[in-house]
Amino acid sequence: MTEHHHDHDHDRTVKPMVDEITDFEVLEIALRELCIEKGIFTAEEHRRFTEFAEQIGPTPAARLVARAWLDPDFKSLALAEPMTASKEVGVDWLEPTGFGTPSDFTAFQILEDTSTVHNVIVCALCSCYPRPILGNSPEWYRTPNYRRRLVRWPRQVLAEFGLYLSDDVEVRVQDSNQKHRFMVMPMRPEGTDGWTEEQLTEIITRDCLIGVALPKAGVTTNVITATRAAMHPAGD
Amino acid sequence: MDSEALTQIVERNQVWPRMAAKYGVENPVPPWKTSLDGLCDALDQGSCGTTAPSFQERRDEEDVLSATVYSDLPYPENQLVSLAHSLMARGIVTESELQQKLSAIRARLEA
């Protein structure tokens, strides 16, 4: 009998999965099928939007910032013509999915941080977010708690993400809406001299592009933050 | 708006954090999340000129319901159940339709 040499790890190649059908999974399919049966949208439309949701992420935005850090001309382009600069990292704001996203069309602007100005984005009204270039918003971004408190007490909320800014740094909260989206271009951190675009892209996390974190050499993950319920929920 | 089907789903509490822990799964969100994203986008696009909730109505109702009736559910379960609630409150989906659909889909998936 041939010995089975383990040059691969079964635990890694076969990830565990939830081996039962949950009510929520069934409910999602049920709503979708009922909407299709009632003619609200087609199965094809749903499939295309789902593919869009599957493939978006923060990498194009990170790459755009990394390139801007390395190339002053590209940085000027990014600030003056953000739609054109986005195209160079593979995102076409006018046709982000190739078939249109009604809640995503927009004017897009990149907010440059300086040594005296720090930008952070929010959607006070709902949860508008630069999805084509930054992917789906994190859960906390959608919460009324973040949305309401950030515009009133930005330093306090940023501190909850572990971001403490000195008093001589002005904090600008930029409120997105259905027609206007923003992302932040943070400053290049110390300790990254000689880095490639690839290396820089890795430390420009989603949170840095929202403005709740600053890029730092060696840090490639987002802040994990508790999601808090609103103290004064809508409708109160 | 009271829905027996939705109440039962909330009470059974098969929420992703619990199911993932039970099976040792690490994904932070359930596998149906992107399909729900697609559903919301398709609905936002298709709602124009129909009785279906608009983007703004859908999000406003989700915020209110997630903070009140469905405050025990995590995200995105609260988004999903709030959406079901919004569709039922408008009569776009009825209780009996939903009940029948849920049974038929579960039977299909467990066949």
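Just so it is clear, the structure is predicted and the values come from calculations on it, not from any experiment.

Reading the values: rules and limits
- Residues numbered from 1 in each chain as written.
- Chains lettered and ligands numbered in written order.
- Predicted model: local features only at pLDDT ≥ 70, side-chain atom pairs only at ≥ 80, totals over all residues.
- Heavy atoms only, no water.
- Helix = DSSP H or I, 4+ residues; strand = E, 2+ residues; numbered from the N terminus.
- Rg over C-alpha atoms; globule rule 2.2 N^0.38 Å.
- Buried < 20%, exposed > 50% of the residue type's maximum accessible area, 1.4 Å probe, protein only.
- Areas by Shrake-Rupley, 256 points an atom, 1.4 Å probe, with all protein chains shown as cover.
- Lys, Arg positive; Asp, Glu negative; His and termini not counted.
- Charge placed at Lys NZ, Arg CZ, Asp CG, Glu CD.
- Salt bridge = Lys/Arg side-chain N within 4 Å of Asp/Glu carboxyl O.
- Axes fitted to C-alpha atoms, helices over the stretch in contact; angles between N-to-C directions.
- Left-handed = near helix turned anticlockwise from the far one by under 90°.
- Contact = heavy atoms within 4.5 Å.
- Nonpolar A, V, L, I, M, F, W, Y, C, P; charged D, E, K, R; others polar.
- pLDDT = per-residue confidence, 0-100.
- Buried area = accessible area lost by both parts, 1.4 Å probe.
- Polar contact = N/O pair within 3.5 Å; in protein donor to acceptor, adjacent residues only side chain to side chain.
- Phe/Tyr/Trp six-rings, centres within 6.5 Å; stacked < 30°, edge-to-face > 60°.

A. Layout of the overall build of chain B. In terms of regular secondary structure, chain B is built from six helices and zero strands. Helices (α) and strands (β) of chain B occur, in sequence order from the N terminus, as α-α-α-α-α-α. By the compact-globule yardstick of 13 Å for 111 residues, chain B fits well, its C-alpha radius of gyration being 14 Å. Across its three principal axes, chain B shows a C-alpha extent of roughly 45 × 25 × 25 Å. Each of the 111 residues in chain B was classed as buried or not, and the buried ones make up 52%. As presented, chain B carries roughly 5,100 Å² of accessible surface, and 51% of it is formed by carbon and sulfur atoms. Between the mean site of the 10 positive side-chain charges and the mean site of the 17 negative ones, chain B shows a separation of 7 Å.

B. Geometry of the pattern of salt bridges. A complete count under the given rule lists 27 salt bridges over all chains for this structure. With its nearest N and O atoms 3.1 Å apart, the salt bridge here joins Lys-101 of chain B to Glu-33 of chain A. Of this pair, Lys-101 of chain B sits in helix H6 (residues 95–109) while Glu-33 of chain A is found in helix H2 (residues 23–37), placing the two residues in two different chains. The burial state of Lys-101 of chain B is the same as that of Glu-33 of chain A; both residues are buried. The partner of Glu-198 of chain A in a salt bridge is Arg-63 of chain A, with the nearest N and O atoms 3.0 Å apart. Taken together, the residues span a long stretch of sequence, with Glu-198 of chain A in helix H11 (residues 197–203) and Arg-63 of chain A in helix H4 (residues 59–70) at a distance of 135 residues.

C. Molecular detail of the packing of H2 of chain A against helix H5 (residues 77–89) of chain B. H5 of chain B packs onto H2 of chain A with a crossing angle of 40 degrees between their chain directions and a minimal axis gap of 10 Å. In the packing of H2 of chain A onto H5 of chain B, the handedness of the crossing is left-handed. Residues Phe-24, Leu-27, Glu-28, Leu-31 and Cys-35 of chain A of H2 of chain A touch H5 of chain B, and the partners they reach there are Glu-77, Leu-80, Val-81, Leu-83, Ala-84 and Leu-87 of chain B. Residues belonging to the contact of H2 of chain A with H5 of chain B are distributed by class as follows: nine nonpolar, no polar and two charged.

D. Just the confidence of the model for chain B, in detail. Of all residues in chain B, 100% have pLDDT values of 70 or greater, and the mean over the chain is 94. The ipTM, which scores confidence in the relative placement of chains, is 0.98 for this predicted complex, and the corresponding pTM is 0.83.

E. Representation of helix H9 (residues 144–152) of chain A. Burial in H9 of chain A covers these residues: Pro-144, Asn-145, Tyr-146, Arg-147, Arg-149 and Leu-150 of chain A. Of the surrounding secondary structure, the elements contacted by the buried residues of H9 of chain A are strand S2 (117–122), helix H8 (139–142), helix H10 (154–160), strand S3 (170–175) and helix H12 (206–210) of chain A together with helix H4 (55–67) of chain B.

F. Seen up close, the interface of chain B and chain A. Contacts between the two partners involve 56 residues from chain B and, on the opposite side, 47 residues from chain A. A combined buried area of about 4,800 Å² lies between chain B and chain A, and 65% of that area is made up of carbon and sulfur atoms. Inspection of the chain B/chain A interface yields ten salt bridges. Arg-108 of chain B is the partner of Glu-33 of chain A in a salt bridge, and the nearest nitrogen-oxygen pair spans 2.6 Å. Between the two partners, chain B and chain A, sit 20 residue pairs in polar contact (both at pLDDT 80 or more). For the side of chain B that touches chain A, the elements supplying multiple residues, two or more each, are helix H1 (4–12), helix H2 (16–23), helix H3 (33–46), H4, H5 and H6 of chain B. Tallying contributions element by element places H3 of chain B first for the side of chain B that touches chain A, with twelve residues. Its residues assigned to classes, the side of chain B that touches chain A shows 30 nonpolar, ten polar and 16 charged.

G. Fine view of the packing of aromatic side chains. Residue and element names in this part refer to chain A. Summed over the entire model, instances satisfying the criterion amount to seven aromatic pairs over all chains. Ring geometry for Tyr-141 versus Tyr-146: centroids 5.8 Å apart, planes at 40 degrees, classification tilted. A ring pair is formed by Tyr-146 and Phe-161, whose centres lie 6.2 Å apart and whose planes are at 80 degrees; its orientation type is edge-to-face. Highlighted residues: Tyr-146 in helix H9 and Phe-161 in the loop between H10 and S3, separated in sequence by 15 residues. Note on accessibility: Tyr-146 and Phe-161 belong to one class, buried. These aromatic residues form a ring-pair network of at least three members: Tyr-129, Trp-140, Tyr-141, Tyr-146 and Phe-161.

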